[in-house]
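# Structural overview
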Amino acid sequence: MKIIGLTGGIGSGKSSFCKLMFVHGIETIDTDQIAREVVKPGTEGLKRVVKEFGKKVLNEDGSLNRTVLRNIIFRDPQDSTGRLKLESILHPLIQDKTLTQIQQFKQDKNYRAPFLLVAIPLLIEGIVKKREIPDYLDEIWVIDCLESKQIERASQRDGTTIEQIKNIIASQATPLQRLSFANLVIDNNHDLHHLEQQVEQIMNQT
């Protein structure tokens with residue numbers, strides 16, 4: 001079973017791709033979901049985030065206010081200090097849980113698919129920073145689309161403003177950086193049917 005690192009910028013369509021792959025029996029480890037789990041109330045991750053950024057990042061019920069935190073770390077795309085501090089807290093916790101889940105799939109005799117997807121939004125950013133590809137990945141697949149498509153999709157998703165989306169895009173890897181590491185490129189500049197066709201093609205080749 002191959003372990004595939006799936007990546008792409010905000011609004012590129014990673015979730016849509018994973019849903020289509022699931023129809024064919026391909027599971028996904030979603031590191032975004034893991035990122036939420038490691039900062040649930042009572043976790044060491046949340047305690048460290050609050051220590052670094054203050055209680056202003058908490059909701060009244062003690063949960064993390066992601067909108068406030070996002071506004072802090074993406075306020076100025078030229079200033080990566082807050083983002084780097086957050087990453088230093090969360091990335092080790094996320095990686096530990098990711099590796100644990102990969103091992104669970106490898107040991108699950110009922111999971112017989114040819115590969116497992118690990119959706120990692122900031123995969124290329126981590127590779128560029130550390131100058132190495134994670135050794136648990138066999139391939140890297142990149143979902144590629146125009147910035148205008150990213151903005152259109154992301155703005156419809158969770159109420160994020162266009163300015164915030166542009167700031168997030170500016171803080172992420174460039175399309176060329178992603179493509180330079182890609183073993184496979186998925187073009188998501190068109191409609192869902194076009195994405196479905198690419199999924200069918202991938203599955204027919206395995």
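Residues numbered from 1 in each chain as written. Predicted model: local features only at pLDDT ≥ 70, side-chain atom pairs only at ≥ 80, totals over all residues. Heavy atoms only, no water.

### Some points on the side chain of Gln198
Note on placement: Gln198 falls in helix α10 (residues 192-205). In this view, Gln198 contacts Val185, Ile186 and Asp187; residues no more than four positions away in its chain are not counted. (Helix = DSSP H or I, 4+ residues; strand = E, 2+ residues; numbered from the N terminus. Contact = heavy atoms within 4.5 Å.)

### Details of the packing of aromatic side chains
In the structure shown here, the tally under the stated rule is three aromatic pairs. With a centroid separation of 6.4 Å and an interplanar angle of 75°, the aromatic rings of Phe17 and Trp141 are classed as edge-to-face. With Phe17 in helix α1 (residues 14-23) and Trp141 in strand β4 (residues 139-144), this pair connects stretches of sequence that are 124 residues apart. Ring centres of Phe105 and Tyr111 lie 5.1 Å apart, and the angle between their planes is 65°; this geometry places the pair in the edge-to-face category. Among the residues examined, Phe105 registers a relative accessible area of 19% and is labelled buried. Among the aromatic side chains, those forming a connected cluster through ring pairs are Phe17, Phe115 and Trp141. (Phe/Tyr/Trp six-rings, centres within 6.5 Å; stacked < 30°, edge-to-face > 60°. Buried < 20%, exposed > 50% of the residue type's maximum accessible area, 1.4 Å probe, protein only.)

### Quick word on the sheet that holds strand β3 (residues 115-119)
Two strands in a sheet stick together by hydrogen bonds in their backbones, pointing the same way (parallel) or opposite ways (antiparallel). On the basis of which strands lie adjacent, the open sheet formed by five strands has the order β2-β3-β1-β4-β5 and parallel pairing. Edge strands, defined here as strands with exactly one partner in the open sheet, are β2 (28-30) and β5 (184-187). On average, each strand axis in the sheet is tilted by 25° relative to the strand beside it, whichever way the strands run. When β4 meets β5, the two strands line up parallel, connected through four bridges. Counterpart to Ile143 in the pairing with β5 is Ile186. (Pairing = 2+ DSSP bridges. Axes fitted to C-alpha atoms, helices over the stretch in contact; angles between N-to-C directions.)

These values are about where atoms sit, not about what they do.
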